[in-house]
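Listed below are the residues making up each chain.
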Amino acid sequence: MSTPTSPESPPPVRLAVVDDDPLVRAGLALMLGGADRIELVGEGADGTEAVALVDRTHPDVVLMDIRMPGMDGLAATEELRRRPGAPEVIVLTTFHADEQVLRAIRAGAAGFVLKDTPPAQIVEAVLRVAAGEPVLSPAVTRRLMARAAGAPADDRQDRRTRARQRFAELGEREQDVASAVGRGSSNAEIAAALHLSVATVKTHVSRILARLDLNNRVQIALLVHDAGLLHEDEDGARDGRLR
């Protein structure tokens, strides 16, 4: 059920729900289909259906279960996010720091919500992602970073080398902003710390995303973490810049 709009109100967020459990899917559809500012445009039971559903209904946001038979939510997220005009993806999971969640974030998911999240918070997450805000708190981001740090040493070193090469493509002020994003700071906090306006910070973030071909702030944070730039005394990195 969609919400009527006035000429002054924005159109509702077009949402698709994908989960292999029909009871979970029905519950989400019932809850989200009746929410203000959300229009449920379709449902799918696995990743293959998700891709076809997006082609058919063109949602703004996909709420995607990560563990499904056939094409799982991770593969579907990777497939969708490679496309021009891709919808935002919110991963549904029962785990706080599942390795698959980390991979989904690297693939371009805008965040995740737990399946036992209260309905009002899931609605808020959908609206936030549609507005361009990732659904990951600094605490959750740090937990995911810790999982990334647990990778084998060779993988971490290769990832660090690649991340530093990409980070070096940014200007000094962009490096400052990217590092602050990596620490989980909001635009307002970054603006205050760097003596910039919030609008200027937003411009820098947009340029960082475009220059590095990233999807969202969480991917910026992961790049900063991979580059080893969150500790002042680590391998020549100080105050979040390469030396």
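Residues numbered from 1 in each chain as written. Predicted model: local features only at pLDDT ≥ 70, side-chain atom pairs only at ≥ 80, totals over all residues. Heavy atoms only, no water.

The next thing to look at is the nonpolar core. When a protein is soluble and globular, its nonpolar side chains tend to lie buried together. Counting 21 residues, the largest nonpolar core has Val177, Ala178, Ile190, Val205, Ile208 and Ile220 as the members making the most contacts within it. Among the elements of the structure, helix 7 (153-167), helix 8 (172-182), helix 9 (187-194), helix 10 (198-212) and helix 11 (217-226) are those that each provide at least two residues to this core. Considering every element that reaches this core, the biggest residue donor is helix 10, with five residues. Among the nonpolar cores identified, the runner-up in size contains 20 residues, and Val13, Leu63, Leu92 and Ala110 belong to it. (Core = buried A, V, L, I, M, F, W, Y, C linked by side-chain atoms within 4.5 Å. Buried < 20%, exposed > 50% of the residue type's maximum accessible area, 1.4 Å probe, protein only. Helix = DSSP H or I, 4+ residues; strand = E, 2+ residues; numbered from the N terminus.)

Scanning all chains against the criterion turns up 11 salt bridges. A salt bridge links Lys115 to Asp19; its shortest N-O distance comes to 3.1 Å. Taken together, the residues span a long stretch of sequence, with Lys115 in the loop between strand 5 (111-114) and helix 5 (119-130) and Asp19 in the loop between strand 1 (13-18) and helix 1 (22-33) at a distance of 96 residues. On the basis of relative accessibility, which here comes to 33%, the residue Lys115 falls in the partly exposed class. Between Glu79 and Arg82 there is a salt bridge; the shortest N-O distance is 2.9 Å. Judged by its relative accessible area of 25%, Glu79 is partly exposed. (Salt bridge = Lys/Arg side-chain N within 4 Å of Asp/Glu carboxyl O.)

Right, let's talk about the packing of helix 4 (residues 99-107) against helix 11 for a bit. Packing of helix 4 against helix 11 brings their axes to within 8 Å, and their N-to-C directions diverge by 110°. What the angle tells us is that helix 4 and helix 11 run roughly perpendicular. In this structure, helix 4 uses Leu102, Ile105, Arg106 and Ala107 to contact helix 11, whose residues at the interface are Val218, Gln219, Leu222 and Asp226. Among the residues forming the contact of helix 4 with helix 11, the class breakdown is five nonpolar, one polar and two charged. (Axes fitted to C-alpha atoms, helices over the stretch in contact; angles between N-to-C directions. Parallel < 35°, antiparallel > 145°, perpendicular 65-115°, else oblique. Contact = heavy atoms within 4.5 Å. Nonpolar A, V, L, I, M, F, W, Y, C, P; charged D, E, K, R; others polar.)

Our next topic: the sheet that holds strand 3 (residues 61-65). What holds strands together in a sheet is hydrogen bonding between their backbones, with the strands either parallel or antiparallel. Taking strand neighbours across the sheet as the criterion, the five strands line up as 2-1-3-4-5 in an open arrangement whose pairing is parallel. Single-partner strands in this sheet number two, and they are strand 2 (38-44) and strand 5. The mean angle between the axes of side-by-side strands here comes to 25°, regardless of whether they run parallel or antiparallel. Taken together, the four bridges between strand 1 and strand 3 define a ladder with parallel strand orientation. Across the sheet, residue Val17 finds its bridge partner in strand 3, namely Leu63. Contacts between helix 2 (residues 47-57) and the sheet are confined to strand 1, strand 2 and strand 3, with strand 2 contributing the most and set at about 140° to the helix. The strands touched by helix 3 (residues 73-81) are strand 3 and strand 4 (88-93); relative to strand 3, the strand with the most contacts, the crossing angle is about 155°. (Pairing = 2+ DSSP bridges.)

A positive phi is found at His58, a non-glycine position, where the angle reads about 55°. Judged by relative accessible area, which is 56%, His58 ranks as exposed. Here the phi dihedral of His195 falls at roughly 60°; this positive angle occurs in a residue that is not glycine. Mapped onto the elements, His195 comes out in the loop between helix 9 and helix 10.

This part is about the environment of Met71. Note on placement: Met71 falls in the loop between strand 3 and helix 3. Spatially, the C-alpha atoms of Met71 and Thr48 are 5.7 Å apart, while their sequence positions differ by 23 residues. The residues touching Met71, leaving out its near neighbours within four places in the chain, are Asp46, Gly47, Thr48, Val51 and Ala76.

All we've got here are geometric facts, nothing functional implied.
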